[in-house]
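For reference, the chains in residue letters:
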Amino acid sequence: MGGHKIENYLQLLEVFIIRELKSRYKASILGFLWIILYPLITAIILNFIFGQFIRINTSNIPYFLFVLSGLVIWNSFQQSINLSKDSLIWNRELIVKSSFPKDVLPLSYVLSKIPDFIINLLILLFFCLLSGLELNITLLFIPFFMIPLFLFTAAISLLVSFTNAIFRDFGRITEFLLMILFYITPVVYPASFIPEKYRIIVLLNPLAVLIDSFRELLFHNKVQFEFFLPVILMSCFIFAFSLFLFKKFENKIPDLI
Amino acid sequence: MREPAVLLKNITKRYYLEKPRTFKKWFNTFFSPFSKLTVIDNFSLNVYEGEFVLITGPNGCGKTTLLKLIAGIIKSDKGIIKTYGRVVPLIELGAGFNNELTGQENAVINATILGVEKKKIKKIMPKIINFSGLKDFIDTPVKRYSSGMISRLAFSIAIYSEPDILLLDEIFAVGDEEFRKKSLNQLEVFKKKGVTIILCSHYDFKMQLIDRFIKLSNLHARR
């Protein structure tokens, strides 16, 4: 019985991911192109503002590459949350008329963003090669960044989608929370800009740690195990906690949505 | 000795009349809790394997709520619910179909939600297409379907998902005469196979298939 349940759960995830990918790109031809255009356009804009006008010091790293490397991780997080925050509301009909584990809804929307992440990553590597950056064997560590990134994203999507389904105001509040998170995460500036006494903000923010170690890996070929292992543990813990909370209140969703 | 299929013991279900949609309302609940409407109060029912039960009653008496409770879509506030075997609910035909996707793509999703394995879905798909009579439209997006086509597809999926307990809510209100006859024939086949069927309807229609009639009354008729 247990084995069958897990099998059905995975099958549900699969069909929901396929459904999301199909309906996302069926309607528009440009749809797929937007995956490429979005990070490039944001990187160009931010490059002008923070690279040319405000001139953030990134010590020898071209600012365009610097900001693009941060955006690969940040955009993946932000877009997944923006997509999955309404996942329960969009599927209200399904929730009130059929019985299935509701957590597959936000999780499938998050997982459907993995191809986008990989494409963004390839764009970044392409520009790195183009500007003469030497890429070496340490890049094989990149897949390990995806595990904590997607665990953390999935955890937040569970919390946000649930809260949003019950208090519709929360969707709007999420936009502001994401804005705050964007500025306290070293996306447009290096992590070293944060004063020592606020260091805890970086250490407690998995995205900040991931972006910082990602840049160390990309631009200095350094693998920062001392930050990397804690961030994996932290993401696992946050995910387990969020899933526990979601499962605890899952039964209330059909009555309250 | 007859085996039980569905056991309901002292079920009570209360719905929120108002949902705490906004933070303001949510804060207010600290001072005045939400009023809840009792839809089902201390209700018990045993349905045996292979039985065909018809539940009738006026609007708002809790027919759909009862089916949703049995299907596990919602949870009761009090009482114990036990079901034996695969429960397939047809609360609203075609609920949750994705408009952009084709009939076949929706059928795969729907069957998965009903708990059918991937291999099985592949096997039953031709039967679903055949029974629904949608051969020429199965690769058309569902948004182009008529309401009758949607109900035919949904009903066909439910039939071939091999239910042990089939829960039907007002399903004969839609579909044309021919499909209705076909569906009733199918219910007869199920009955012979020993599938438990619980059907909800406004109408107190008499059928030889039906073993037991249950009439629910509205708890809030005076309002």
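Refer to the structure presented above.
Residues numbered from 1 in each chain as written. Chains lettered and ligands numbered in written order. Predicted model: local features only at pLDDT ≥ 70, side-chain atom pairs only at ≥ 80, totals over all residues. Heavy atoms only, no water.

*Asks:* Describe the layout of surface pockets, naming the residues involved and giving the relevant values.
*Replies:* In this model, the largest pocket occupies a volume close to 850 Å³. The wall of the largest pocket is formed by 26 residues, among which Lys5, Asn8, Ser99, Phe100 and Pro101 of chain A lie closest to the centre. Within the residue set of the lining of the largest pocket, elements represented by two or more residues are α1 (2–26) of chain A together with β5 (87–90) of chain B. Top contributing element to the lining of the largest pocket by residue count: α1 of chain A, with 6 residues. If you add up the space inside the second largest pocket, you get close to 690 Å³. Lining the second largest pocket are 31 residues, and of these Leu159, Val160, Thr163, Phe170 and Leu245 of chain A sit closest to its centre. Going through the elements one at a time, α3 (63–84), α8 (142–166), α9 (169–184) and α12 (225–249) of chain A are the ones with two or more residues in the lining of the second largest pocket. When grouped by side-chain class, the residues that make up the lining of the second largest pocket number 26 nonpolar, 4 polar and 1 charged. (1 Å grid on protein atoms, 1.4 Å probe; cavity = no way out; pocket = protein on both sides within 12 Å on 5 of 7 lines; lining within 4 Å. Points joined across faces, edges and corners; volume = space filled by probe spheres on them. Helix = DSSP H or I, 4+ residues; strand = E, 2+ residues; numbered from the N terminus. Nonpolar A, V, L, I, M, F, W, Y, C, P; charged D, E, K, R; others polar.)

*Asks:* Could you give an account of empty space enclosed by the protein, naming the residues involved and the relevant values?
*Replies:* One pass over the full model with this rule turns up 6 cavities of 30 Å³ or more. A volume near 160 Å³ is recorded for the largest cavity. The wall of the largest cavity is formed by 14 residues, among which Lys97 of chain A together with Pro89, Glu92, Ala95 and Asn110 of chain B lie closest to the centre. Secondary-structure elements contributing two or more residues to the lining of the largest cavity are α5 (92–97) of chain A together with β5, α3 (103–113) and α5 (147–160) of chain B.

*Asks:* Give me the lowdown on the environment of Glu250 of chain A, citing residues and values where you can.
*Replies:* Residues and elements named next belong to chain A. Within the fold, Glu250 resides in the loop between α12 and α13 (253–256). What makes Glu250 buried here is its relative accessible area of 10%. Between the C-alpha atom of Glu250 and that of Asp103, which follows or precedes it by 147 residues, the distance is 8.1 Å. Not counting chain neighbours up to four residues away, the residues in contact with Glu250 comprise Phe100, Pro101, Lys102 and Asp103. (Buried < 20%, exposed > 50% of the residue type's maximum accessible area, 1.4 Å probe, protein only. Contact = heavy atoms within 4.5 Å.)

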